[in-house]
Amino acid sequence: MLPLIKKGLLLLLSLALLVMLVGSWLLNRYLDTPLTLDSASVTITVPQGASLTAQSHALADTGMLKWPRLLTAYGRFSHQTLIKSGEYQLDQGDTPRDLLQMWLRGEVIQYSLTFPEGLRFADWLPLLADNPKISRVLQGEAMDELLVELNLDVDHLEGWFFPDTYHYSAGDSDRDILLRAHGRMVAVLDAEWQARAPNLPYASPYQALIMASIIEKETGNPGERGQIAGVFVRRLQQGMRLQTDPTVIYGLGSEYQGNIRRQHLRQPGAYNTYLIDGLPPTPIAMPGREAIHAALHPEEGDSLFFVARGDGSHQFSATLEEHQQAVREFQLKRRSDYRSRPQ
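Keep in mind the model is a prediction, meaning the values are calculated, not measured. (Residues numbered from 1 in each chain as written. Predicted model: local features only at pLDDT ≥ 70, side-chain atom pairs only at ≥ 80, totals over all residues. Heavy atoms only, no water.)

Draft legend 1. Region of interest: the overall build of the chain. Of the regular secondary structure elements, the chain holds 13 helices and six strands. Here the chain holds 343 residues, and the buried ones make up 40% of them. Taking all contacts inside the chain whose residues are at least 6 apart in sequence as the whole, residues at least 24 apart take part in 67%. With the model as given, the accessible surface of the chain reaches about 19100 Å², and the carbon-plus-sulfur share is 53%. (Helix = DSSP H or I, 4+ residues; strand = E, 2+ residues; numbered from the N terminus. Buried < 20%, exposed > 50% of the residue type's maximum accessible area, 1.4 Å probe, protein only. Contact = heavy atoms within 4.5 Å. Areas by Shrake-Rupley, 256 points an atom, 1.4 Å probe, with all protein chains shown as cover.)

Draft legend 2. Quick peek at the packing of helix H3 (residues 68-77) against helix H4 (residues 96-105). Axis separation between H3 and H4 bottoms out at 11 Å; the angle between their running directions is 55°. Our classification of the angle between H3 and H4 gives oblique. Regarding H3 and H4, the two cross each other, and that crossing is right-handed. Of the residues in H4, those in contact with Leu71, Tyr74 and Gly75 of H3 are Pro96, Arg97, Leu99 and Leu100. (Axes fitted to C-alpha atoms, helices over the stretch in contact; angles between N-to-C directions. Parallel < 35°, antiparallel > 145°, perpendicular 65-115°, else oblique. Left-handed = near helix turned anticlockwise from the far one by under 90°.)

Draft legend 3. The pattern of salt bridges, seen in detail. Taken as a whole and assessed by the stated rule, the structure comprises nine salt bridges. Arg120 is paired through a salt bridge with Asp123; the nearest N and O atoms lie 3.0 Å apart. Salt-bridge contacts for Asp164 lead to Arg184; the nearest nitrogen and oxygen are separated by 3.8 Å. Of this pair, Asp164 sits in the loop between helix H6 (141-150) and strand E4 (165-168) while Arg184 sits in helix H7 (residues 174-194), and the two are 20 residues apart along the sequence. The class for Asp164 is partly exposed, based on a relative accessible area of 30%. (Salt bridge = Lys/Arg side-chain N within 4 Å of Asp/Glu carboxyl O.)

Draft legend 4. Representation of the packing of H7 against helix H12 (residues 289-296) in the model. Closest axis-to-axis distance for the H7/H12 pair is 10 Å, and the angle between their directions is 30°. With respect to H12, the axis of H7 lies roughly parallel. In the packing of H7 onto H12, the handedness of the crossing is right-handed. For the pair formed by H7 and H12, the contact residues are Arg184, Met185, Val188, Leu189, Ala191, Glu192 and Trp193 on the first element and Arg289, Ile292, His293 and Leu296 on the second. Its residues placed into classes, the contact of H7 with H12 shows seven nonpolar, one polar and three charged. (Nonpolar A, V, L, I, M, F, W, Y, C, P; charged D, E, K, R; others polar.)

Draft legend 5. A look at the side chain of Arg225. Examined against the element boundaries, Arg225 turns out to sit in helix H9 (residues 225-237). With relative accessibility at 10%, the residue Arg225 sits in the buried group. Here the side chain of Arg225 touches Glu216 through a polar contact of 3.4 Å, side chain to side chain. Contacts of Arg225, omitting those with residues within four sequence positions, involve Ile215, Glu216, Thr219, Glu290, Ala291 and Ala294. (Polar contact = N/O pair within 3.5 Å; in protein donor to acceptor, adjacent residues only side chain to side chain.)

Draft legend 6. A look at unusual backbone geometry. The backbone of His79 shows a phi angle near 60°, a positive value even though the residue is not glycine. Take His79: it is sitting in the loop between H3 and strand E2 (86-91). Using a relative accessible area of 73% as the deciding quantity, one classes His79 as exposed. Not every positive phi belongs to a glycine, and Gln243 is a case in point at roughly 50°.

Draft legend 7. Focus on the packing of aromatic side chains. Overall, the coordinates contain 10 aromatic pairs when judged by the stated rule. Ring-pair connections join several aromatic residues into one group, and the members of that group are Phe115, Phe121, Trp124, Phe161 and Tyr166. Positioned above the aromatic ring of Trp193, the side-chain terminus of Arg196 is 3.9 Å from the ring centre. (Phe/Tyr/Trp six-rings, centres within 6.5 Å; stacked < 30°, edge-to-face > 60°. Lys NZ or Arg CZ within 6 Å of the ring centre and 35° of its normal.)

Draft legend 8. Spatial organisation of H12. Of the positions making up H12, those classed as buried are Ala291, Ile292, Ala294, Ala295 and Leu296. Of the surrounding elements, those touching the buried residues of H12 are H7, helix H8 (205-218) and H9.

Draft legend 9. Fine view of the nonpolar core. By size, the foremost hydrophobic cluster in this structure holds 54 residues, and its most contacted members are Leu157, Phe161, Tyr202 and Ile215. Elements with a minimum of two residues in this core: helix H5 (121-129), H6, E4, H7, H8, H9 and H12. Here this core gets eight residues from one element, more than from any other, and that element is H8. Excluding residues that lie within four positions of it along the chain, Leu157 makes contacts with Phe121, Met143, Leu146, Leu147, Leu150, Leu152 and Met286. (Core = buried A, V, L, I, M, F, W, Y, C linked by side-chain atoms within 4.5 Å.)

Draft legend 10. Up close: H8. With 14 residues, H8 should reach 20 Å at 1.5 Å per residue; the first-to-last C-alpha distance of 20 Å fits that figure. Of all 14 residues making up H8, 11 are buried, and the element is well covered by its neighbours. Inspection of H8 places Tyr206, Ala208, Leu209, Ile210, Met211, Ala212, Ser213, Ile214, Ile215, Glu216 and Glu218 among the buried residues, and these make up the whole buried set. Summarising the contacts, the buried residues of H8 are in contact with H7, H9, helix H10 (245-252), H12, strand E5 (305-308) and strand E6 (314-317). (Expected span 1.5 Å × (residues − 1).)

Draft legend 11. The arrangement of the environment of Val108 in detail. Tracing the backbone shows Val108 in the loop between H4 and strand E3 (111-114). Overall, Val108 belongs to the buried group, its relative accessible area being 16%. Linking Val108 and Gly86, residues 22 residues apart in sequence, is a C-alpha distance of 5.8 Å.

The values reported here are purely geometric and, on their own, carry no functional implication.
Listed below in structure tokens is the structure:
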């Protein structure tokens, strides 16, 4: 009798093991069978707070996923149920296993937005607002709240955001991106300030940022930034006015219509560096790292003036007489293809 019981138990154990092996094989076959997609790639959205059960059934309703209860049961058994919200891209060949891992890791679709050097803060806002994947929260009083949150000892946001390419996912806000851009600018400015050249006419990193913004707007030629910085630094050190058109243009705001006129240079204002001493009160644009570096590492020399040649470069002069000659040569007799910035 005992041997028969042992044989029966052995048979039951064998059957149980066989069922487990077959079940495991079937489960893995299901997990590794491609989803049913009707195109090369499909974008799906997992709502905020969605559960694995709800999202599996939602995907099953589209016909892309079979047996949603099986995926849910597998997720619960393996303690893999905390999926993340966002947009996901499914490609041909992706399987339920791939899908679950994407949800768990939050491998959402990444987008990018580039802010070129030299744009004003007023130029950044439309780029953010016109992007349908970015949520808008900075409206009205929220802008004032952002200034408080950044803890800046100024009442002006110009210059405080680093021009770069920023990656984001659907639903990220304009505030999120600006906070990242501000953090990047603070880090870059601090690093460059710590390594600055000696005897510069700046009382603070903010003044260096103001100078960098002017350099950024004066030239698009990377090779000239150090020279232009040298001119402006020497003018400040010698008590000369900066006399730079970009600051005047910034101060004119919407009054500027593409041409700066003599009357504009005579118009009083905080940004008219033809009339004020020293730097304007704030930056006039978002400078890149190269312009910040130039402001803090100006090239040595004796030039105190420069004028656009018309091919995107500038003619530098040490004396007023040389400068006036350069103006006659490059400004008063402009070529038909004249341009102040390089192509």
